[in-house]
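# Architecture and fold: a report
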Amino acid sequence: HSMTSSIVRFASFASRGSSKSSNVEADISFRPPRLSKSCFSTRAGGRWLGLLRSPSNMGAKGSKQGACASSTRETMGSTVSSIGERLPAEEHKSCVYLDYNATSPIFPEVAEEMQPFLFHHFGNPSSGHVFARPCAAAVKLARERVAKLIGCETEEILFTSCGSESDNHAIVGVISAASERLAGATPHIVSSNIEHPAILECLSALAAEGRLTYTLVPVDGEGLVSPAQVAEAMTPNTVLVSVMHSNNEIGTLQPIAEIAKVAKAKGAVMHTDAAQSFGKVPVKADETGADLITVVGHKFGAPKGVAGLYIRKGTPIKRMLHGGGQESGLRAGTENVLLISGLGKAADLYEVQASETTSHLSTLRDKLQAVLVEKCTALGVEVMVNGPKDDAKRLPNTLSISIQGLSASLLLSKLQNTMAASAGAACHSGG
């Protein structure tokens, strides 16, 4: 950004081009765990606006103090609390959590789903005895739920340990498969210059080893990747196009379906890292046209340490981890039943209340934006909202604002005990 400002990222896109500008981010999100003692909502004008969840024992009689209409329903045998209901957080009411694009709390329903595999069911799901059966059933159910979330077949879901593994597997697996048919030519990959380090660092490392070449296309002033520029960057040896589904910093939703058409027209595999999109907007395999999709649990209420990779049937890809035959032979290693069950439950929760969640998040984002713009303008401070002007091209939970003359690092330092936010992506900073 050329203006002298800090970017108050109420979702993030760190401005790295100018030393005179920086970012502060806040990701507005939802469902803090009922057992948490930390502050979890967005406060504007003295009112708590966070998307909260009430204890399951409150049922339909729970408080309805949220910004959106509340509803309670049953899913998979357990109560889904009303969206927008308030939870007490007596110990830390002064701290507002606005960093959901870095990570989310584990939702209470997810924790409840995981609990039996922490204390009771410990069997190896690949074994054949009675101790293994509940674990195998849990993995099967989670796979079905994630497949439903993405709109695909269960056998197209590969469980991994994190988004970085999923992204690395997409790249390594595709170039390994492609090397056999390129007759000695080096595989080429097209990506964008705003990708997660899991993509950019992997490309850089493999290029240094001589295993691939790559081209990074730029984004426009709204953070959008141009499908035409992707097409121009492709070569006869391009085997993979990888563009993130949404940006974690300014919230731009990329035209993945259009980019996928370009990629497939030239015979390349299409991968999209949708880590920031799941749990906030629908991401369906057929609608995106992607062959590979990364899903990350801790971004939408599941625990850290579990993720997935959608692999469309027929996609040429090889395993990255060698060993046993787990995950249809594509990923060796005993399945982490505890965490996988949590990912499945988080996927189920979003499927049940997708439209309500998206609507509520956008309401919170817009209220926060209105208050910030109003207050700054009243003080004579110039404010610029970053990202797409069209709401349909923005994540509903993410807001990025440039505030002229304000140091992001100084602001965050002053507010660190009252507002949990970031000046850029946590993975870029190593946090």
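Residues numbered from 1 in each chain as written. Predicted model: local features only at pLDDT ≥ 70, side-chain atom pairs only at ≥ 80, totals over all residues. Heavy atoms only, no water.

This part takes up the nonpolar core. Grouped together as the largest cluster of nonpolar side chains are 51 residues, with contacts concentrated most on Ile-150, Val-241, Met-270, Phe-278 and Ile-293. Every element with two or more residues in this core is listed here: helix H1 (108–114), helix H3 (133–150), strand E9 (157–160), helix H6 (227–233), helix H7 (256–265), strand E14 (292–296) and helix H9 (337–352). Ignoring any residue separated from it by four or fewer positions in sequence, one finds Phe-278 in contact with Leu-149, Ile-150, Val-283, Ile-293, Thr-294, Val-295 and Phe-300. (Core = buried A, V, L, I, M, F, W, Y, C linked by side-chain atoms within 4.5 Å. Buried < 20%, exposed > 50% of the residue type's maximum accessible area, 1.4 Å probe, protein only. Helix = DSSP H or I, 4+ residues; strand = E, 2+ residues; numbered from the N terminus. Contact = heavy atoms within 4.5 Å.)

Here the focus is the packing of aromatic side chains. Taken as a whole and judged by the stated rule, the model has three aromatic pairs. With a centroid separation of 5.4 Å and an interplanar angle of 40 degrees, the aromatic rings of Phe-122 and Phe-131 are classed as tilted. For Phe-122, a relative accessible area of 64% gives the class exposed. Assessed through its relative accessible area of 48%, Phe-131 is described here as partly exposed. Ring centres of Phe-278 and Phe-300 lie 6.5 Å apart, and the angle between their planes is 35 degrees; this geometry places the pair in the tilted category. Here Phe-278 is found in the loop between strand E13 (269–273) and helix H8 (285–288), whereas its partner Phe-300 is found in the loop between E14 and strand E15 (307–311), with 22 residues between them in sequence. The residues Phe-278 and Phe-300 share a single accessibility class, namely buried. (Phe/Tyr/Trp six-rings, centres within 6.5 Å; stacked < 30°, edge-to-face > 60°.)

Turning next to a nonpolar patch on the surface. On the surface, a cluster of nonpolar side chains totalling about 360 Å² of accessible area is made up of Phe-122, Val-130 and Phe-131. By the secondary structure assignment, Val-130 is in the loop between helix H2 (116–119) and H3. With relative accessibility at 53%, the residue Val-130 sits in the exposed group. (Patch = residues over 30% accessible without salt bridge, like charges linked within 9 Å, V, L, I, M, F, W, Y side chains within 5 Å. Areas by Shrake-Rupley, 256 points an atom, 1.4 Å probe, with all protein chains shown as cover. Salt bridge = Lys/Arg side-chain N within 4 Å of Asp/Glu carboxyl O.)

This next bit is on the sheet that holds E13. In spatial order, the strands read E9-E15-E14-E13-E12-E10-E11; together these seven strands make up an open sheet with mixed pairing. Where the open sheet ends on each side, the last strands, each with one partner, are E9 and strand E11 (213–217). Along the sheet, successive strands turn relative to each other by an average axial angle of 20 degrees, direction set aside. As paired elements, E14 and E15 share five bridges and run antiparallel to each other. Note that in E15 the partner of Val-295 across the bridge is Gly-308. On top of the sheet, H3 reaches E9, E14 and E15; it is set at about 115 degrees to E9, its chief contact. (Pairing = 2+ DSSP bridges. Axes fitted to C-alpha atoms, helices over the stretch in contact; angles between N-to-C directions.)

What follows is about the packing of H9 against helix H10 (residues 354–378). Where H9 contacts H10, the two axes come as close as 5 Å, and the packing angle between them is 80 degrees. With respect to H10, the axis of H9 lies roughly perpendicular. Residues Tyr-350, Glu-351 and Val-352 of H9 form the contact with H10, whose own contacting residues are Ala-354, Glu-356, Thr-357 and Thr-358. Taken together, the residues of the contact of H9 with H10 sort by class into three nonpolar, two polar and two charged. (Parallel < 35°, antiparallel > 145°, perpendicular 65-115°, else oblique. Nonpolar A, V, L, I, M, F, W, Y, C, P; charged D, E, K, R; others polar.)

This part is about the pattern of salt bridges. Throughout the structure, instances matching the rule amount to 14 salt bridges. In this structure, Arg-331 and Glu-165 form a salt bridge, with 2.4 Å as the shortest nitrogen-oxygen distance. Of this pair, Arg-331 sits in the loop between E15 and H9 while Glu-165 sits in helix H4 (residues 163–179), and the two are 166 residues apart along the sequence. Across this residue pair, the class does not change: Arg-331 and Glu-165 are buried. A salt bridge links Arg-312 to Asp-291; the shortest N-O distance between them is 3.5 Å. A residue pair is termed long-range when its members are at least 10 positions apart, and Arg-312 in the loop between E15 and H9 and Asp-291 in the loop between H8 and E14 qualify at 21 residues. Overall, the relative accessible area of 8% leaves Asp-291 in the buried class. Salt bridges sharing common partners tie together Lys-264, Asp-286, Asp-291 and Arg-312.

Looking now at the pairing of E14. Where burial is concerned, most of E14 is hidden: five out of the five residues are buried. Side chains Leu-292, Thr-294 and Val-296 of E14 all project onto a buried face; the interleaved residues Ile-293 and Val-295 project onto the opposite face, where all are buried too.

Moving on, we get to the pairing of strand E12 (residues 238–242). A large share of E12 lies buried, amounting to five of its five residues. Pairing geometry for strand E10 (residues 188–192) and E12, over four bridges, is parallel. Looking at the pairing, Val-190 lines up with Val-241 of E12. Strand direction decides the pairing type here: E12 and E13, joined by three bridges, are parallel. Of the residues in E13, the one forming a bridge with Leu-240 is Val-269. Read from E12 through H7 to E13, the crossover connection turns out right-handed. (Right-handed = clockwise from strand over helix to strand, strands pointing away.)

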